[in-house]
Amino acid sequence: MGSLECEQLLRMGKKGQLEAMRESLFYTLKRSSPLLISMGLGGLAVVGALFALSKAWMPVPTPTAETTLPSTPQTSRVPAYSFQSATVRRLGLESLATQGSPLEQQQARFILGADAVRAGDGKMALRWLEGLEQRYAVLTPNILALRAQAYALNQDQGNATELWKQVIQQFPSSAAAGEAYFALGKQDPQAWDQAIATLPAHPRTVEIALERLKKQPKNPALLRLVAQYGLHLPDYKTYLDRWVQIAGPKLTPQDWQIVGFGYWEKQQYKPAGLAYSKAVSSSRNAYRAGRGLQLGDESTAAIAAYEKMIAAFPSAPETPRALIRLADLTDDNSAAVARLDPAITLAVRLNRPEDAADALARKARRLKAVNPAQSAAAETQLFSQFSQTDAAATLRWQKAWAAGQSQQWATAQKWAAEIAQSNPESEPAPKALFWAGKWADRLGQTQERQQHFTQLWQRYPQSYYAWRSSSLSGMAVGDFQSIRGQQVVMTPPTARLPLSAGSPLVQALYTLGEGKAAWEAWQLEFHNRQTPSIPEQLTDGLLRLQVGEYLDGLYMLTNVRDRVLTEPEQYAQRSTVQALHQDPRYWQALYPLPYWSEVQSWSAAQSLNPVLTLALIRQESRFQPAIRSVAGAMGLMQLMPETAAEVAAQVPLKAFDLKNPNDNIHLGTRYLSSTFNTYQDNAMLAIASYNAGPGAVAGWLKTLNTSDADIFIETIPFDETQNYVKSVLENYWNYVRLYGPQRLS
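A quick note: this is a predicted structure, and the numbers were derived from the prediction, not measured.

Looking only at helices and strands, the protein features 41 helices and 0 strands. Summarising the internal contacts of the protein: among those between residues at least 6 apart in sequence, 60% fall at separations of at least 24. When the accessible surface of the protein is split by element, carbon and sulfur atoms take 51% of a total near 29,800 Å².

Evaluated as defined, the whole model comprises 41 salt bridges. As a salt-bridge pair, Glu418 and Lys414 come within 3.0 Å of each other at their nearest N and O atoms. Of this pair, Glu418 and Lys414 both sit in helix α24 (residues 409-422), 4 residues apart, which is roughly one turn of the helix. With a shortest N-O distance of 2.7 Å, Asp710 and Arg468 are connected by a salt bridge. Of the two residues, Asp710 sits in helix α40 (residues 709-714) while Arg468 sits in helix α27 (residues 464-472), which places them 242 residues apart along the sequence.

Once that is clear, we can look at unusual backbone geometry. With an omega of -10°, the peptide bond between Val651 and Pro652 qualifies as cis. One non-glycine residue, Gln267, lies in the positive phi region at around 60°. Structurally, the position occupied by Gln267 is in the loop between α15 (253-265) and α16 (269-276). With phi around 65°, Gln407 is a residue other than glycine that occupies positive phi space. By the element assignment, Gln407 lies in the loop between α23 (390-405) and α24.

Between helix α17 (residues 283-295) and helix α19 (residues 319-328), the shortest axis-to-axis distance is 10 Å and the interhelical angle comes to 25°. If you check the angle between α17 and α19, you find them roughly parallel. As α17 packs across α19, the resulting crossing turns out to be left-handed. On the side of α17, the interface is formed by Tyr287, Arg291 and Gln294, while α19 contributes Arg321, Ala322, Arg325 and Asp328. Across the contact of α17 with α19, the residue classes tally to 2 nonpolar, 1 polar and 4 charged.

With that out of the way, let us pick up the nonpolar core. Counting residues in each nonpolar core, the largest one holds 219 residues, and the members touching the most others are Phe110, Leu139, Trp243, Leu382, Trp439, Leu729 and Tyr735. Here the element with the most residues in this core is helix α41 (residues 719-739); it accounts for 10 residues. Contact partners of Trp439, with chain neighbours within four places excluded, come to Trp397, Ala400, Trp401, Gly404, Trp409, Ala412, Gln413 and Ala416.

Attention now moves to the packing of helix α14 (residues 236-247) against α15. One can describe the packing of α14 onto α15 by two numbers: an axis separation of 11 Å at closest approach and a directional angle of 145°. Our pair here, α14 against α15, has a crossing hand that is left-handed. Contacts between α14 and α15 pair Tyr236, Lys237, Leu240, Asp241, Trp243 and Val244 from the former with Asp255, Trp256, Ile258, Val259, Gly262 and Tyr263 from the latter.

Here the focus is the environment of Glu162. Along the polypeptide, Glu162 turns up in helix α9 (residues 157-170). Residue class for Glu162 comes out exposed when judged on its relative accessible area of 52%. C-alpha separation for the pair Glu162 and Ala148, spaced 14 residues apart in sequence, amounts to 8.1 Å.

Any two aromatic rings considered together are summarised by their centre-to-centre distance and by the angle between their planes. As enumerated under the stated definition, the model contains 25 aromatic pairs in all. Ring geometry for Phe383 and Trp415: centres 5.6 Å apart, planes at 40°, overall tilted. In this pair, Phe383 is assigned in helix α22 (residues 372-385) and Trp415 in helix α24, connecting sequence segments 32 residues apart. We note that Phe383, like Trp415, is buried. Relative to Trp439, the ring of Trp397 has its centre 6.0 Å away and its plane inclined at 25°; by these criteria the two rings are stacked. Remark: Trp439 occurs in helix α25 (residues 429-442) and Trp397 occurs in helix α23; sequence separation between them is 42 residues. Take Trp397 and Trp439: they sit in the same class, and that class is buried. Pairwise contacts between aromatic rings join Trp397, Trp401, Phe434, Trp435, Trp439, Phe453, Trp457, Tyr464, Tyr465, Trp467 and Phe480 into one cluster. The lysine or arginine in question, Lys414, covers the ring of Trp415, its NZ or CZ lying 4.7 Å from the ring centre.

Scoring rules and cut-offs
- Residues numbered from 1 in each chain as written.
- Predicted model: local features only at pLDDT ≥ 70, side-chain atom pairs only at ≥ 80, totals over all residues.
- Heavy atoms only, no water.
- Helix = DSSP H or I, 4+ residues; strand = E, 2+ residues; numbered from the N terminus.
- Contact = heavy atoms within 4.5 Å.
- Areas by Shrake-Rupley, 256 points an atom, 1.4 Å probe, with all protein chains shown as cover.
- Salt bridge = Lys/Arg side-chain N within 4 Å of Asp/Glu carboxyl O.
- Axes fitted to C-alpha atoms, helices over the stretch in contact; angles between N-to-C directions.
- Parallel < 35°, antiparallel > 145°, perpendicular 65-115°, else oblique.
- Left-handed = near helix turned anticlockwise from the far one by under 90°.
- Nonpolar A, V, L, I, M, F, W, Y, C, P; charged D, E, K, R; others polar.
- Core = buried A, V, L, I, M, F, W, Y, C linked by side-chain atoms within 4.5 Å.
- Buried < 20%, exposed > 50% of the residue type's maximum accessible area, 1.4 Å probe, protein only.
- Phe/Tyr/Trp six-rings, centres within 6.5 Å; stacked < 30°, edge-to-face > 60°.
- Lys NZ or Arg CZ within 6 Å of the ring centre and 35° of its normal.

On their own, these measurements won't tell you what the molecule is for.
Take a look at the structure:
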């Protein structure tokens, strides 16, 4: 099911499995904090706007030549039209197709032709596409393929077949050739054989394999193809299970590598661990064998796998982490420390400071109850040797919060200031600056409070705490009580973040908004799926978004920060990721606008702020209509079937399908509206109730500090709900920031 499982596991308190998902390349949730840390933002040009109440909204950074990723200068007006519906953009593109620059004419004709094919109008498509392949060379294979489809729509099978054969002859390794094989194979089975032999990674070839598996359900070669290239399929695991069951004794180490990766990506950790133990010998595979078994509740087998890995690869990059995992698997503090000490030593030698710091922090916790002096010494070592790590930041925050709760506000400020100075890229940094401002306010230090908030706005304008500090400073950005009724005019984007990898053909298709075609072509170019480079990962993430794989695409885009901070081999990419976080198009990619029409319509019907509804959908389901949680919640707003039935009875709605986005959003907004009504439009409580239920919220209102909303949020005993509330409101803030550049009213 993908990354949503991370949220469900967090609800269940399974932190170990969450850590594993961060190790997984494709399926994870961003850090448990709702914050995405923007690295090294420093003096943004927009800071001045944050201090003027007349500019209550917080704009995104303006890209400059020094901060944006390399891209081709935008010389065409055509790509902006790709953000509009085909109906809306037609008139503008028709004008550019005849009166625009030569590039604009070519691009406009291509899009108009593609739109006509999608609309089933072969005659119109041929009008726009005729001869275009001779003038728009980079997209020649796709132009020929579109013309072939247009002829087929016109029932001209002869010309269609001739063009499909031309595509295969001239561009045999292209994605268009995959379409050609698929089309020709409906009449000639040998064409499908050729597709399997030459283009196994093409999505159309996966379709061919699935079709043939209907008649040959136990064909191991077809099952292997689906296992390797069909990860995007909703029922992928069914085919992976069948392949292992049928061909298990005959699988090679390379085959087990495919199996292990497939199970790992689908979060089936026990079978993944077993598969990796039989895969090609490498430190990464050996580590995952242990980790998969550990997460599959096979502790004894996991210990044996880790010990085998450490013996075989005593100095591998994964070995410090394996030692840390072994320590986690014992309740004996002395035995755990005996594993953590060599982990620290090896991590230092391998230049893996985050692992060393993590091991040292765990050692301090293990020693706290049995030897407080040694525990304190470990903390001192952590701050002195690994001051800039996330583990040091987390420990500083724990001390800051404890001091603040004891009303030792000066001490709390000191610890928070250390985070801002030593750990500016860490998860707690925005929170530390916010609370430093709050604690300064407690001490009557108005100037210091403003300094902390200013620093927060400068460095982390995208964070929940930037919104909250703006609200407390009197800016017209809304607060917990007013968000439901806020009116925001959303302006759609007009440009996409450039791809950092991929052929000119892939990049041209992507730029024009032909996302599915770009994604299909990328499948043939993306050979390094298990260990991609940073540019490949960014490209894969952007293209997944184009085909509606928001769950995985959003992860691919956010995970690059973790990689450049924790993988020494990726340190050289740090400046690339810093520039990425300065580019507003990156943030727009992270906060897309799918189903915006349905969201607007049903939110209006329930007197809800549609931007807040969109923010909640992003957090609940990552815009996946058919996704199902471990608890059984369905679709975009993750309604339980029984809850949906109760809401439907109130509407009344006799028939509904929770996999249908319109039905799901209809019922979800009505339920969300009821939570707002219950708590007199208090967004914090309404959102918390949507996540944890009214019973839990009622209990918290009786036991927690309700005099300070910010303390209330930070002390919600369910970590998942605490982070959920912040994440939804952070999502809302970023949508306003990115698409609503006007004063909120």
